[in-house]
Amino acid sequence: MQADGNGRYPDQCKRAKLILLTHSNHTLRPGSQTQAKINTGFSTGWHRSLDAHEAFDLPMTLHITPTFASAVQWASVDPGAGKPWLDGPSFNARISSMAQTGQINLLGTTYADHMPSYFSTAYNIDNATLAVETLGKIYTTQPSSTVFWAPERVIDGDVLGKVAAMGYSYTF
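Conventions we followed
- Residues numbered from 1 in each chain as written.
- Predicted model: local features only at pLDDT ≥ 70, side-chain atom pairs only at ≥ 80, totals over all residues.
- Heavy atoms only, no water.
- Helix = DSSP H or I, 4+ residues; strand = E, 2+ residues; numbered from the N terminus.
- Expected span 1.5 Å × (residues − 1).
- Buried < 20%, exposed > 50% of the residue type's maximum accessible area, 1.4 Å probe, protein only.
- Arc of directions from axis to C-beta.
- Contact = heavy atoms within 4.5 Å.
- Core = buried A, V, L, I, M, F, W, Y, C linked by side-chain atoms within 4.5 Å.
- Salt bridge = Lys/Arg side-chain N within 4 Å of Asp/Glu carboxyl O.

*Asks:* What's the story with helix 4 (residues 88-100) in this structure? I'm lost.
*Replies:* Because the α-helix completes a turn every 3.6 residues, residues three or four places apart line up on one side. In this model, helix 4 (13 residues) spans 18 Å end to end at C-alpha, consistent with the 18 Å of a helix rising 1.5 Å per residue. Those residues of helix 4 lying buried are G88, F91, N92, I95, S96, M98 and A99. For helix 4, the arc enclosing every buried residue in end-on projection is 165°, short of the 170-degree limit, so these residues lie on one face. Where helix 4 is buried, its residues contact helix 1 (31-38), helix 2 (47-55), strand 2 (60-64), helix 3 (66-73), strand 3 (104-106) and helix 5 (121-139). One or two positions beyond helix 4, positive phi appears at G102, with a value near 85°.

Here is the structure:
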């Protein structure tokens, strides 16, 4: 490959389309186990993705199931414990604030990341609608109505048809 007269190669100065995506689905567990995932106290935990996107002022696409959001919401910390960094509702409030300012985009999802191919279209639509309602209550903003997180690792025509039947135009 040869450089041009300015010393640039053919693919330099081009743009790449990139989506910074964080995926999270989590089972319902005791609040203390969820709190330990939010922030370990040793600079690790779910909060790190949010910190990075705030520090570098980059938008982020976030897939959160209502199961995960509910587990976080229920993981509240007693204010007397002196550990506000573990508080689930505060973590959800931070996501909500970032979503409202456009720093986070929430993807459409099912309630608990079920596989649409094993359920009827009517069930999938009801499930996705319940997911929108739940996430809207927790984050005071609606997830995408056009982009859907498909939980399968292998997507076939049946799944794409069911995602389209739920009203979504795009999926991963």
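Still more to cover.
*Asks:* Is there a simple way to think about the nonpolar core in this case?
*Replies:* For soluble globular proteins, nonpolar side chains are generally found buried alongside one another. Formed by 17 residues in total, the largest nonpolar core has its most connected members in L50, L62, I64, I95, I104 and Y139. Those elements giving two or more residues to this core turn out to be strand 2, helix 3, helix 4, strand 3 and helix 5. For this core, the element with the highest residue contribution is helix 4, accounting for four residues.

*Asks:* Can you walk me through the pattern of salt bridges in this structure?
*Replies:* Pairs may arise between side chains of opposite charge once their charged atoms sit close together. Throughout the structure, instances matching the rule amount to two salt bridges. In this structure, D51 and R94 form a salt bridge, with 2.5 Å as the shortest nitrogen-oxygen distance. Taken as a pair, D51 in helix 2 and R94 in helix 4 lie far apart in primary sequence, 43 residues in all. On the basis of relative accessible area, D51 is assigned to the partly exposed category, the value being 29%. Take R94: its relative accessible area is 23%, and that puts it in the partly exposed class. Here R94 and E54 are joined by a salt bridge, their closest N and O atoms 2.6 Å apart. Pair noted here: R94 is in helix 4 and E54 is in helix 2, with a separation of 40 residues, a long-range link. In this structure, a network of salt bridges that share partners links the residues D51, E54 and R94.

Keep in mind these values describe shape, not function.
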